[in-house]
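Letter by letter, the chains look like this.
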Amino acid sequence: MKLVKLFGTALVALSLSVPAVAQQSGGQPDQVDQLAQMVGLTDDQQTEIRAIIDEMQGEIGELRQEARALQQQMQGEIKSDFDESAIREQAKELGDVTGEIAALSTLMQAKVDSVFTQEQRDELDKRMQQMQQQMQQRRQMQQQMQQGQGQSMQ
């Protein structure tokens, strides 16, 4: 059950780490709205979660851009006269940046989790477990379909 909770809150954090816009194209609700519907967040909780996301989103976004730039620099080092020390230095920097992204994302997740009541956490756990089961069933169906296609080609 602990794994399901971690999986569920990780999914929530990942979905929330994408820039939250009040309404996405097509009038679909954003992630906070979806979460509110899923676990029954109050208006105050929604406001608090949006504030957490807004606070951390800029910093995480800047770090992601920095990570992309470092990856591009490293790609530029793939050549016959490569500089091993430059590659290692850039890799170390990239590791530091991605580590900071992971830390900030986890911190954001913990802050969001602290806004929930225990009942809301329990409901989220239940929903995430259902989603996990559905994903597992889809994977099994896909594997069965692929196996069936492989057999019909022989």
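How each quantity is defined
Residues numbered from 1 in each chain as written. Predicted model: local features only at pLDDT ≥ 70, side-chain atom pairs only at ≥ 80, totals over all residues. Heavy atoms only, no water. Axes fitted to C-alpha atoms, helices over the stretch in contact; angles between N-to-C directions. Helix = DSSP H or I, 4+ residues; strand = E, 2+ residues; numbered from the N terminus. Left-handed = near helix turned anticlockwise from the far one by under 90°. Contact = heavy atoms within 4.5 Å. Nonpolar A, V, L, I, M, F, W, Y, C, P; charged D, E, K, R; others polar. Core = buried A, V, L, I, M, F, W, Y, C linked by side-chain atoms within 4.5 Å. Buried < 20%, exposed > 50% of the residue type's maximum accessible area, 1.4 Å probe, protein only. Salt bridge = Lys/Arg side-chain N within 4 Å of Asp/Glu carboxyl O. Polar contact = N/O pair within 3.5 Å; in protein donor to acceptor, adjacent residues only side chain to side chain.

Chemist: Just checking my understanding: could you explain the packing of helix α2 (residues 31-39) against helix α3 (residues 43-76) for this structure?
Modeler: Axes are the key here: two packed helices are described by the angle between their axes and the distance separating the axes. At a minimum axis distance of 10 Å, the contact between α2 and α3 shows a crossing angle of 145°. Here α2 runs over α3; the crossing is right-handed. Of α3, the residues touching α2 (which contributes V32, D33, L35 and A36) are Q46, I49, R50 and I53. A per-class count over the contact of α2 with α3 returns five nonpolar, one polar and two charged.

Chemist: So what exactly am I meant to see when it comes to the nonpolar core here?
Modeler: Across soluble globular proteins, you tend to see nonpolar side chains buried next to one another. Residues L35, L41, I49, M108 and F116 are the most contacted members of the largest nonpolar core, which totals 23 residues. A total of eight residues in this core trace back to one element, the largest contributor, which is α3. What F116 contacts, discounting residues up to four positions off in sequence, is L35, V39, L41, Q45, I49, R121 and L124.

Chemist: Where do I start with the pattern of salt bridges in this structure?
Modeler: Side chains bearing opposite charge may pair, as long as their charged atoms lie close to each other. Counted by the stated rule, this structure contains eight salt bridges. As a salt-bridge pair, E84 and R88 come within 2.9 Å of each other at their nearest N and O atoms. A residue pair is termed a helical-turn pair when its members lie 3 or 4 positions apart in one helix, as E84 and R88 do in helix α4 (residues 84-115) at four residues. Residue classification places E84 among the partly exposed positions, given a relative accessible area of 44%. R88 sits in the exposed class, given a relative accessible area of 57%. A salt bridge links R127 to E123; the shortest N-O distance between them is 2.8 Å. Taken together, the residues R127 and E123, both in helix α5 (residues 118-152) and four residues apart, mark about one turn of the helix. According to the relative accessible area criterion, R127 is partly exposed, its value standing at 32%.

Chemist: Whenever I open this one, the side chain of E77 confuses me. Can you help?
Modeler: Examined against the element boundaries, E77 turns out to sit in the loop between α3 and α4. The residues touching E77, leaving out its near neighbours within four places in the chain, are F82, D83, A86, I87 and Q90.

Chemist: How should α2 be read in this particular structure?
Modeler: Quick reminder: α-helices carry 3.6 residues per turn. Residues three or four places apart thus point the same way. For α2, the complete set of buried residues consists of Q31, V32, D33, L35, A36 and V39. Two or three places before V32, at the start of α2, stands the capping residue D30, its side-chain oxygen 3.2 Å from that residue's backbone nitrogen. Of the residues flanking the end of α2, it is G40, one or two places downstream, whose phi is positive at about 75°.

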